[in-house]
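# Geometric and topological summary
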Amino acid sequence: MKGSDTPDESEPAVLGEPPVFNAFDISEKTGVDIDEARRLWRALGFPTTGLEAAFSPADAEALTTIHEIVDSGLIDLDTAVNLTRGVGQTMARLADWEVASLSQVIDEQDATATGDLLRVLDEMGRPFERLLIYAWRRHLAAAAARVQALRANEEDLNTVQLTVGFADIVSFTALSNRLSEERIGDLVELFESRCSDVVSSQHGRVIKSIGDSVLFVNDDPIRAYDTADGIINVVGRDSRMPDVRVGLASGSVVMRLGDVFGPPVNLAARLTAVARRNRMIIDAATAELLPSDEFETRRLPGRPVRGFGVVEPVAVRRI
């Protein structure tokens, strides 16, 4: 006998229709080569299937849409797969986030049945979809504006000059061993939300959160400094929160698929190990970008930094 929380009941309830096609059916229905269809399906983050019914009419419609875009010549299949992978990874995390948040609300109301969660998801569905499209368009406009600015300056669209910040909770492993799982989850959520608020207020962008750390970027080193200082204020100097360390490094980074790569990214992360509790440490490149009439910098003794040899980190404060 199936429990009320089995995927067989939850999936049609959320999707609004049961799966009726197997992989070969959907390939025939859409005219998309089965290997290409499986490649796109994997890019979305779902396991490939064989003879079992795993696809609904909505899946066929989505696959047809992607195939038509590729056939139009606007993008090639590799680009379609990259975009699809970005959608899949983003939506997977968003879905986990949404369900976890709503489940917590339901638990607090002493309603534990899966039916209550499905009911709330159904009622939230349309409003949340509108919010999702709105937020996507706003971020799309901002991303397009950044690319246009790079084009205007005849710069490489993938390689940009940024200040990269890395905020890290101090002794997170030891802390997680002392706290309950629920408390750790609440702590990480609060840490991420406070960091995100500060980054957004300084016109920066959170690239990713990795549990006990947040990676962010800003094209203005002064705003990056204010971001680091703000995170220390709202996290490290709150007695209810753990201590935090922040590293800043500036230079050329490669931006691909919503992520950033390059020496400044790695160095910013390494500098957190140098910083004292509730302090920030910057590299020499960032120090040179900060106006000397507004900031006081002090080179610290050189020390070995993994992957960079001996580095002279820099302490900084606003005058």
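So, here is what we can say about the structure in this document. Owing to the predicted nature of the structure, the values given are computational and were not obtained by experimental measurement.

## With respect to the packing of helix H8 (residues 181–201) against helix H9 (residues 221–236)
At their nearest, the axes of H8 and H9 sit 9 Å apart, and the two run at 150° to each other. Overall, the two elements H8 and H9 adopt an arrangement that is roughly antiparallel. When the axes of H8 and H9 are compared, the crossing they make is right-handed. Residues Phe191, Arg194, Cys195, Val198, Val199 and Ser201 of H8 pack against Arg223, Thr227, Gly230, Ile231, Val234 and Val235 of H9.

## Details of the pairing of strand E10 (residues 314–318)
With two bridges connecting them, strand E6 (residues 279–282) and E10 associate as antiparallel partners. Its bridge partner being in E10, Ile281 is matched across the sheet by Ala315. Where strand E7 (residues 295–299) meets E10, five bridges bridge the pair, whose relative direction is antiparallel. Each residue of the ladder has a partner; that of Arg299, found in E10, is Val314.

## A short note on the nonpolar core
Phe191, Ile231, Val246, Leu248, Met280 and Ile282 are the most contacted members of the largest nonpolar core, which has 30 residues in total. Where this core is concerned, the elements lending two or more residues are strand E1 (159–169), helix H7 (172–178), H8, strand E3 (213–218), H9, strand E4 (244–256), E6 and E10. Element by element, the count of residues in this core is highest for H8, at seven residues. If sequence neighbours within four positions are ignored, Ile282 has contacts with Leu248, Leu271, Ala287, Leu290, Thr297, Pro313, Val314 and Val316.

## A short note on a positive patch on the surface
A cluster of basic side chains, namely Arg237, Arg276, Arg279 and Arg298, defines a positive patch on the protein surface. Looking at Arg279, the relative accessible area reads 38%, which means it is partly exposed.

## Here we look at the side chain of Arg194
Tracing the sequence through the fold places Arg194 in helix H8. Separated by 2.6 Å, the side chain of Arg194 and the backbone oxygen of Val234 make a polar contact. Setting aside residues no more than four positions away along its own chain, Arg194 makes contact with Val234, Val235, Asp238, Arg240 and Met241.

## Examining the side chain of Ser56
If you trace the backbone, Ser56 turns up in the loop between helix H3 (34–43) and helix H4 (57–71). For Ser56, a relative accessible area of 3% puts it in the buried group. Once you skip the residues sitting within four places of it in the chain, Ser56 turns out to touch Glu17, Pro18, Pro19, Val20 and Phe21.

## Re a negative patch on the surface
Residues Asp107, Glu182, Asp186 and Glu189 make up a contiguous surface patch of negative charge. The greatest single-element share of the negative patch, amounting to three residues, is contributed by H8.

## Section: H3
Of the residues making up H3, those classed as buried are Ile34, Ala37, Leu40, Trp41 and Ala43. Two or three places before Asp35, at the start of H3, stands the capping residue Asp33, its side-chain oxygen 2.9 Å from that residue's backbone nitrogen. Just past H3, the residue Gly45 takes up positive phi, approximately 100°.

## Considerations on the packing of helix H2 (residues 23–30) against H4
Between H2 and H4, the shortest axis-to-axis distance is 10 Å and the interhelical angle comes to 50°. As summarised for this structure, H2 and H4 are arranged oblique, according to the angle between their axes. Seen along the crossing, H2 lies across H4 with a hand that is right-handed. Contacts between H2 and H4 pair Ile26, Lys29 and Thr30 from the former with Asp59, Ala60, Leu63, Thr64 and His67 from the latter. For the contact of H2 with H4, the per-class residue count stands at three nonpolar, three polar and two charged.

## Details of the pattern of salt bridges
Counting across every chain of the model gives 13 salt bridges. Asp168 is the partner of Arg245 in a salt bridge, and the nearest nitrogen-oxygen pair spans 4.0 Å. Taken as a pair, Arg245 in strand E4 and Asp168 in strand E1 lie far apart in primary sequence, 77 residues in all. Neither residue differs from the other here; Arg245 and Asp168 are each classed as buried. Where Asp226 meets Arg318, a salt bridge forms, and the shortest distance between an N and an O atom there is 2.3 Å. One end of the pair, Asp226, is in helix H9; the other, Arg318, is in strand E10, and 92 residues separate them in sequence.

Parameters at a glance
- Residues numbered from 1 in each chain as written.
- Predicted model: local features only at pLDDT ≥ 70, side-chain atom pairs only at ≥ 80, totals over all residues.
- Heavy atoms only, no water.
- Axes fitted to C-alpha atoms, helices over the stretch in contact; angles between N-to-C directions.
- Helix = DSSP H or I, 4+ residues; strand = E, 2+ residues; numbered from the N terminus.
- Parallel < 35°, antiparallel > 145°, perpendicular 65-115°, else oblique.
- Left-handed = near helix turned anticlockwise from the far one by under 90°.
- Contact = heavy atoms within 4.5 Å.
- Pairing = 2+ DSSP bridges.
- Core = buried A, V, L, I, M, F, W, Y, C linked by side-chain atoms within 4.5 Å.
- Buried < 20%, exposed > 50% of the residue type's maximum accessible area, 1.4 Å probe, protein only.
- Patch = residues over 30% accessible without salt bridge, like charges linked within 9 Å, V, L, I, M, F, W, Y side chains within 5 Å.
- Areas by Shrake-Rupley, 256 points an atom, 1.4 Å probe, with all protein chains shown as cover.
- Salt bridge = Lys/Arg side-chain N within 4 Å of Asp/Glu carboxyl O.
- Lys, Arg positive; Asp, Glu negative; His and termini not counted.
- Charge placed at Lys NZ, Arg CZ, Asp CG, Glu CD.
- Polar contact = N/O pair within 3.5 Å; in protein donor to acceptor, adjacent residues only side chain to side chain.
- Nonpolar A, V, L, I, M, F, W, Y, C, P; charged D, E, K, R; others polar.

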